[in-house]
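Summary of structural features
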Amino acid sequence: MTRAASYSFTFKCRHCISRRARLLFSLQAAGCYPRVQMNPHPNRRKSTRVTFEASILKDSWKPDISGLRESEKEAYRLIQECLEQEHMSGLDKLNFLRAVEALSSAVHAQTDSNMNNYFPKAILARKIESLILEEPTEILDNCVRQKAMLCAVTLSQLNPSFHLSQKLDLANAGISRIFPLPLIMPSLDRKESAGLYLQTVQALDDMLQALVMDNMKPDMLILQNFLELILPWVTLSDKVHEQTRALGTVSRLQRFICNFPEVSHMTLFSMSGKLMGILGLLCVSSHHEISMEASEALHYLLKILALQRSVKQKTETVLRDLQKNFRGEWLASLQDLTLFFRKYLTPMERADVIMVALEALISTNLYDIHAASKVLKMVLKYNIPEIGKVSEIIEYIYFHTNSITEATAQSTIRRILYLLAQSYTDEVILTLFKIEDESQKGIRRPWEILASFPKGYEVIMEYLLQRLIPFQAKKDQEPSRTSRISPWIATRAIYELLQEPSRRMELHTFFSSLYVRLLFQVSFLVLEESAEMLQDQQLVMECVDPVSSTVEALKTLMYSSGYEELVTYVHTFGGWNLLVDPEKHYDGVTLLARSLVVKDCWHNRPIFSFIISILQDMNCPNHITALVFLTELLQCPDVAAIVDDIATHTLANWFKDEELITVKLLLQVTELFPKHKNLVKRLHILQPHVLRCCYSSCTGIVRETFLTLSHLLEDLTWQHSSFFLIQLAFTLGPFLEEESECLRLMAFQLYGSLLSKVKKRDLVFPLKQQILNSVVLLVLHLKDVNIDVAQICQLSLCHTATLLGWTKLKAIFNKRDVFAILRDLLQQEANKAFWFLNQCVTLFKSPQVFIRQAAVWFAGQIIQTLNLEEMDEIEDAYTALTHMQKDPDPVVSCLTTQTFYILEANKKLLLTKTPTSCFGRRRPQRSFF
């Protein structure tokens, strides 16, 4: 006949139920088929029972026991009988356990030491487990559980090794039947009970120590599983003696592991942080017993970390220092915890410590709150080390911050969030936005906390400011710290922080940089259309227009800084709408700057200085917006008063950018310099760059430069700008023969304005030379195809006559007959014939036909006045005339040919009149002045 043996297993604490799958698997491996029956009302003190039926060993398992001694055979038969019994008396249980020990000793003496040769080791383990679980938790009046655990120790030394699930089941059985035992107070009448209890606890320690071993070394993964069984008795129990027992077990188990220089799977042991956090909190417990046990357990945990993670050369020193604080006060334990928190924990483990403390902060127990605050204050006393799971920590704070009312807890939460925001700004901000976008709860408490630390507020704002750099500026840069915050997310974070009114004073310290950065951000978003760039921020800010949100942030900044009237001013003139219009964006920028000038904003100077510092980088992608803003801002007297050489040189460097809009803005800035006494002193820095723009290949730049020069001439005085005006006179020379009528007219206008500024007393040598060089040109352009040019030339000739003292010629210059003027000019200033001739040769290249004709004619008239010796010195003029015979205009070529005939005839005549005496006629002295 066969009888089914039924075994019951009770699993204690919340972790046990989660291991049902492992138990079922092990039972199947042992040849058992379980039927699971769950308690309909489970709690921590109720059990979950698993009953199963085993095959009859008598029929299905027939090992060879002939090699055993008679006593060992008796032990075998007793074990077999007991396995088939469903209910056993206390005596039978002890006999069974003694029999297992006897058989185990026999197997241990054999070569292979394999218990499966006689009984499946898994079935014996299940039976032992069931015997432990059958013991009551209300009283300890026998040694069954003690013997059962020692029997498990013996079995653990035999092959095959226990599976992890079997070890956990045995460990759970022992823990669940020892920790809940009533508190045994020391007394004379309870001496035996106390002794039995101590022996049973020792047996549990022996069993856990035996089961934690794997291949002669402690296995840290097994330890981690054991701790998952034990720690709930520490964290969930409300009984001091249960907590103390659990802590003592943890302490002794860790002390056992400290005896081994090497352990297995240390890198996979992930409970260091959680365990350190729990023990650290309990070190500050109000119960002395718990505090002492936790302190000792923490000591051995730290010792394990020192042995396994410290540099071997320093291990001895670390252990010696650690031993000094053994069983010390809670402060010493926390100091050790702080050291190991920073040096020996991984970032993820450090996060576990923080999370354990945070969970304690939200409790209603004041002792737990103060303990958590002390631990967090110690471990985060200095600069925060690398922390993992930042997002999880922020989420926990976010959802619990409103429920924390205790002052100490609030202060601690604020400090943690502050430190994390400083060191992990990206993760903190991204997590906050992710939670808000998902939950839509609108909890502002975290932003209030971030804004509550003045220094932290500034640090976070400065960090966000650095993120307000458009992508174009980042392409060629590799920042030392990679940021996951895009400019649009940074803008949104800034907007949230700006809504906290308590930080107005700190806001003023970086108002200028924030104002300019936000404005630049608007420019980039409005003017640079790139779907790829917008895709990044849409991951976090769906359905949010980045342009509108940035403009709102800019408005909020102005409101928060006390500049409500500026917002109103810009709104009155439609500036906000202009700002977001791509075609009129720069008009909006101008209006923003004008509002600062009109309202005499206190930050005008800092804003100017910040923009100049940005423009020092020639790769600045927002230089146009900056220059548009400066063009308006420099009209503020206070700003103009602080412009120095560095700022002026910075602006001057941007003339190298040949983009029309850039140069145009710089020219507009230049026009402002003569209007302020501080700026006019630095105009000389910009003047060479302005004159250089006259030679630009871009006609638009040349035209804008002439306009600027015209405005400068209106404001400049000869006294302060004589050198520049002389340079301008020489610069304009080539443009007086410009083919473009527009540019030629502007050049003559400038030249005329320049002459009108010159007084006779100011006529120094270089300028007088240039004026003389232009006389023939002015005369010939009296017949310019552009009537306006001709009128300007007539006025300019009158100014020239006045400056040079040509009283008689001044009246002649009022005539319109060019050839008559030229004859009179040659007659009155015969000593300047060579000078006039060179001017004629230059005008041979004029694009206007009449000017070439008149130049050839006047050159012939001049040459006719020369004697033989002088004619020998005009070879260049002859060469130029020779080329003019090929002029495309037939009148010019014909006139040139006639001029040559006349000159040849004149030369022969001069040769015949040359005196033969060595005392020939003295050549008249030619003079330029």
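What counts, and where the lines are drawn
Residues numbered from 1 in each chain as written. Predicted model: local features only at pLDDT ≥ 70, side-chain atom pairs only at ≥ 80, totals over all residues. Heavy atoms only, no water. Helix = DSSP H or I, 4+ residues; strand = E, 2+ residues; numbered from the N terminus. Buried < 20%, exposed > 50% of the residue type's maximum accessible area, 1.4 Å probe, protein only. Contact = heavy atoms within 4.5 Å. Areas by Shrake-Rupley, 256 points an atom, 1.4 Å probe, with all protein chains shown as cover. Core = buried A, V, L, I, M, F, W, Y, C linked by side-chain atoms within 4.5 Å. Salt bridge = Lys/Arg side-chain N within 4 Å of Asp/Glu carboxyl O. Phe/Tyr/Trp six-rings, centres within 6.5 Å; stacked < 30°, edge-to-face > 60°. Lys NZ or Arg CZ within 6 Å of the ring centre and 35° of its normal. Polar contact = N/O pair within 3.5 Å; in protein donor to acceptor, adjacent residues only side chain to side chain. Axes fitted to C-alpha atoms, helices over the stretch in contact; angles between N-to-C directions. Parallel < 35°, antiparallel > 145°, perpendicular 65-115°, else oblique. Left-handed = near helix turned anticlockwise from the far one by under 90°. Nonpolar A, V, L, I, M, F, W, Y, C, P; charged D, E, K, R; others polar. pLDDT = per-residue confidence, 0-100.

1. Description of the overall build of the protein
For the protein, the helix and strand inventory stands at 51 helices and 5 strands. Put simply, the protein has 929 residues, and 55% of those count as buried. A fraction of 74% describes how many contacts in the protein between residues 6 or more apart in sequence connect residues 24 or more apart. Split by element, the accessible area of the protein, about 42,800 Å² in all, is 52% carbon and sulfur.

2. Remarks on unusual backbone geometry
Note on backbone geometry: most residues besides glycine have negative phi, and most peptide bonds are trans. For the bond from N159 to P160, the omega torsion is -10 degrees, close enough to zero to count as cis. Here P160 lies in the loop between helix 7 (144-156) and helix 8 (164-176). Despite not being glycine, S113 has its phi angle at roughly 50 degrees, a positive value. Inspection of the secondary structure assignment puts S113 in the loop between helix 5 (90-109) and helix 6 (121-133). The phi dihedral of D600 is positive, around 50 degrees, even though this residue is not glycine. Note on placement: D600 falls in the loop between helix 31 (585-598) and helix 32 (604-615).

3. Let's talk about the nonpolar core
In terms of nonpolar packing, the biggest core is built from 318 residues, with M276, L514, F629 and F706 touching the most fellow members. For F706, the contacting residues outside a window of four places in its chain are C694, L732, F735, L743, M746, A747 and L750.

4. As for the environment of P606
Considering the arrangement of structural elements, one finds P606 in helix 32. The sequence separation of P606 and F510 amounts to 96 residues, and the corresponding C-alpha distance is 9.2 Å.

5. Points about the pattern of salt bridges
According to the stated counting rule, one finds 15 salt bridges in the structure shown. When the shortest N-O distance is used, the salt bridge between R145 and E135 registers 3.6 Å. Taken together, the residues R145 in helix 7 and E135 in the loop between helix 6 and helix 7 connect sequence positions 10 residues apart. Of the two residues, R145 and E135, neither departs from the other in class, the shared state being buried. For the salt bridge of R744 with D784, the shortest nitrogen-to-oxygen distance reads 3.1 Å.

6. Re the packing of aromatic side chains
Considering all chains together, one arrives at 16 aromatic pairs under this definition. Summarising the aromatic geometry, the rings of Y878 and F900 are spaced 6.1 Å apart at their centres and angled 45 degrees between planes, so their arrangement reads as tilted. Here F900 lies in helix 51 (residues 890-913) and Y878 lies in helix 50 (residues 875-884), a separation of 22 residues in the sequence. Residue classification places Y878 among the buried positions, given a relative accessible area of 19%. Take F900: its relative accessible area is 12%, and that puts it in the buried class. Three or more aromatic residues joined by ring pairs form one cluster here, namely F819, F836, F850, W857 and F858. Over the ring of Y463 we find R467, and its NZ or CZ is 4.5 Å from the ring centre.

7. Observations concerning the side chain of T556
Turning to its location among the elements, T556 is positioned in helix 28 (residues 546-560). A polar contact of 2.7 Å, which involves the side chain of T556, links it to the backbone oxygen of E552. The contacts of T556, once residues within four sequence positions are left out, are Y495, L498 and Q499.

8. Focus: the packing of helix 10 (residues 220-235) against helix 12 (residues 272-283)
Axes are the key here: two packed helices are described by the angle between their axes and the distance separating the axes. Here helix 10 crosses helix 12 at 30 degrees, and the two axes come no closer than 12 Å. Taken together, helix 10 and helix 12 sit at an angle that is classed as roughly parallel. For the element pair helix 10 and helix 12, the recorded crossing hand is left-handed. Seen from helix 10, the contacting residues are L227, L231, V234 and T235; seen from helix 12, they are L275, I278 and L282. Broken down by class, the residue content of the contact of helix 10 with helix 12 amounts to 6 nonpolar, 1 polar and no charged.

9. Focus: the environment of V375
Mapped onto the elements of the fold, V375 is located in helix 17 (residues 366-379). Residues V375 and L337, 38 residues apart in the sequence, show an inter-C-alpha distance of 8.6 Å. Not counting residues within four places of it along the chain, the set of residues in contact with V375 comprises G280, L281, L334 and L337.

10. So, the confidence of the model for the protein
For the protein, per-residue confidence averages 81 on the pLDDT scale, and residues scoring 70 or more make up 85% of the total. In this model residues 530-543 is a low-confidence stretch, pLDDT under 50, and it forms 20 contacts with partners more than four residues away in sequence or in other chains. This model gives residues 916-929 a pLDDT under 50, and the stretch forms 29 contacts once residues within four places in sequence are excluded.

11. With respect to the environment of I611
Structurally, I611 is set in helix 32. A residue is classified by how much of its surface remains accessible, and I611, at 1% relative accessible area, is buried. A C-alpha to C-alpha distance of 8.3 Å links I611 and S513, two positions 98 residues apart in sequence. Not counting residues within four places of it along the chain, the set of residues in contact with I611 comprises V516, A626, F629 and L630.

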